[in-house]
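Here are the chains, one letter per residue:
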Amino acid sequence: MKKNIAVLPGDGIGPEVTAQAVKVLKSIGQTYNHELDFAEALVGAAAIGVTGDPFPKATEEACVKADAILFGAIGDPKYDNDPTAKVRPEQGLLAMRKKLGLFANVRPVASYDALLPISPLKEEIIKGVDFVVFRELTGGIYFGQPRGRSEDGNSAFDSCTYSKEEIIRVSRLAFDAAQNRNKRVTLVDKANVLATSRLWRETVKELAFDYPDVELDFMFVDNAAMKIIQNPGYFDVVLTENMFGDIITDEASVISGSLGMLPSASIGKEVGLYEPIHGSYPQAAGKNIANPFGAILSAAMLLEYSFGLLEESQLIQKAVNQAVEEGFVTEDINNDNPKSTEEVGDEIVSIISELAAVNS
Ligand code: IPM
Ligand code: MN
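Description of the structure in this document.

Scoring rules and cut-offs
Residues numbered from 1 in each chain as written. Chains lettered and ligands numbered in written order. Predicted model: local features only at pLDDT ≥ 70, side-chain atom pairs only at ≥ 80, totals over all residues. Heavy atoms only, no water. Pairing = 2+ DSSP bridges. Helix = DSSP H or I, 4+ residues; strand = E, 2+ residues; numbered from the N terminus. Axes fitted to C-alpha atoms, helices over the stretch in contact; angles between N-to-C directions. Contact = heavy atoms within 4.5 Å. Near = heavy atom within 4 Å. Polar contact = N/O pair within 3.5 Å; in protein donor to acceptor, adjacent residues only side chain to side chain. Areas by Shrake-Rupley, 256 points an atom, 1.4 Å probe, with all protein chains shown as cover. Nonpolar A, V, L, I, M, F, W, Y, C, P; charged D, E, K, R; others polar. Buried < 20%, exposed > 50% of the residue type's maximum accessible area, 1.4 Å probe, protein only. Lys, Arg positive; Asp, Glu negative; His and termini not counted. Salt bridge = Lys/Arg side-chain N within 4 Å of Asp/Glu carboxyl O. Phe/Tyr/Trp six-rings, centres within 6.5 Å; stacked < 30°, edge-to-face > 60°. Lys NZ or Arg CZ within 6 Å of the ring centre and 35° of its normal.

A closer look at the sheet that holds strand S3 (residues 68-73)
- One open sheet accounts for 10 strands, arranged S2-S1-S3-S12-S11-S4-S5-S10-S8-S9; its pairing is mixed. Here the strands that pair on one side only, and so sit at the sheet edges, are strand S2 (35-40) and strand S9 (215-220). In this sheet, neighbouring strand axes are inclined to one another by 25° on average, regardless of whether the strands run parallel or antiparallel.
- Examined bridge by bridge, strand S8 (residues 184-189) and strand S10 (residues 237-240) share four bridges and lie parallel to one another. When the bridges of S10 are listed, leucine 187 appears paired with leucine 239.
- Sitting on the sheet, helix H8 (residues 195-207) is in contact with strand S5 (130-136), S8, S9 and S10, with an inclination near 170° to S9.
- Here helix H9 (residues 221-230) sits on the sheet in contact with S8 and S9, set at roughly 100° to S9.

A short note on the site of ligand 1
- Surrounding ligand 1, one finds Glu90, Leu93, Arg97, Arg107, Arg135, Tyr142 and Asp246.
- Taking arginine 107, its side chain carries an N or O atom lying 3.0 Å from an oxygen atom of ligand 1.
- A distance of 2.9 Å is found between an oxygen atom of ligand 1 and a side-chain nitrogen or oxygen belonging to aspartate 246.
- Within the complex, 77% of the 320 Å² of free accessible area of ligand 1 lies under protein.
- Of the residues forming the shell around ligand 1, the biggest block, three residues, is contributed by helix H5 (residues 89-99).
- Residues that form the shell around ligand 1 fall into these classes: two nonpolar, no polar and five charged.

Observations regarding unusual backbone geometry
- Omega for the peptide link from glutamine 145 to proline 146 comes to 0°, which places this bond in the cis form.
- Within the fold, proline 146 resides in strand S6 (residues 144-149).
- Positive phi outside glycine occurs at asparagine 33, with the angle close to 60°.
- By relative accessible area, asparagine 33 is classed as exposed at 69%.
- For lysine 183, which is not glycine, the phi torsion reads 65° and is therefore positive.

Thoughts on the side chain of glutamate 312
- With respect to the helices and strands, glutamate 312 occurs in helix H12 (residues 310-326).
- Buried glutamate 312, no salt bridge; nearest opposite-charge side chain is lysine 3, N-O distance 12 Å.
- Within polar-contact distance, the side chain of glutamate 312 engages the side chain of histidine 34 at 2.7 Å.
- Aside from chain neighbours lying at most four places away, what touches glutamate 312 is Ile28, Tyr32, His34 and Leu303.

Looking at the packing of aromatic side chains
- With the rule as written, the count across this model stands at four aromatic pairs.
- An angle of 50° between the planes, with centres 5.6 Å apart, marks the rings of phenylalanine 131 and phenylalanine 235 as tilted. Residue phenylalanine 131 is found in strand S5, and its partner phenylalanine 235 is found in the loop between H9 and S10; the two are separated by 104 residues along the sequence. Comparing phenylalanine 131 with phenylalanine 235, the two get one shared label, buried.
- Where phenylalanine 175 meets tyrosine 211, the ring centres are 4.8 Å apart and the plane angle is 25°; that geometry is what we call stacked. Of this pair, phenylalanine 175 sits in helix H7 (residues 164-179) while tyrosine 211 is found in the loop between H8 and S9, placing the two residues 36 residues apart along the sequence.
- An aromatic cluster is built from Phe131, Tyr234 and Phe235, whose rings are joined through pairwise contacts.
- The ring centre of phenylalanine 328 lies 5.0 Å from the NZ or CZ of lysine 339, which sits over that ring.

Now the structure itself:
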């Protein structure tokens, strides 16, 4: 197989973790004889510095041309504390999602047996947890108009809007996924307060008739926030709107032991984009200490979702499991004997070649 992958390392720890994911993809390419070509492009604060635009035209073109996109992180503290900044790195991420039609963000959440002790949650609560969140990604309050400030500057407003079509297309993906899992979709909303949530409920209920084998239930987001901590084993497929999905997936990452473990796929119209959910983590940037597993597992999702390479994808996941079990991990997981970002990346490459040799 011959494929082009656009690599957008971005800001903070993005470049370090993305480099490990690329290394792992290259080793998969060698092992399975796939010709994977990588082309880097600028995004985020890194792009603002060079072009003034967090998602420059050249990057958009590179993304559109690619067969898949591997993305690191966006964000820079320089902008976080400057509410007057006209251009913000995050705008690049939002523009990218919108322009590439990435309307569904898929975030799997699982616990690792070896990491059960480091989660602040009790082992018996998180053991065996395995669910996936489908977060709508290009609608809702992140994009709704009007938004802004009143003329006197003393009030501000955002709008949350959704159309049936926007709800249906992401919901279909969630139901399709549920059919291959434990056949339960939980719609997380705030239908007791929000008009958009009531539209979600009505629309998803109707859609559920197309999936008679899938059970659909509803949960208010405040209750879901509690359930994720209290009884996360309940969930199979969680379907939700943009902002609720943003919040509950950070919350859910606690189950895996570290925010650094979670990968994600953003899919939709054409090309898919894969990124760890941890963000730019500027305090760790350049220190070679960041956890690369989220990025490496995102590369595994890329192989599965964009290229249909299931075996290759599973090999990466196996290698990550093994490294976690051996305690070959970064300091967010093991403070006593931490490995560097690069060491962990190298270890995954070497486990992959060992496992591949055994398989062949
Ligand atoms: C995420 C991030 C982004 C979001 C930020 C950086 C705009 O938190 O991908 O979850 O809120 O969607
Ligand atoms: Mn987030």
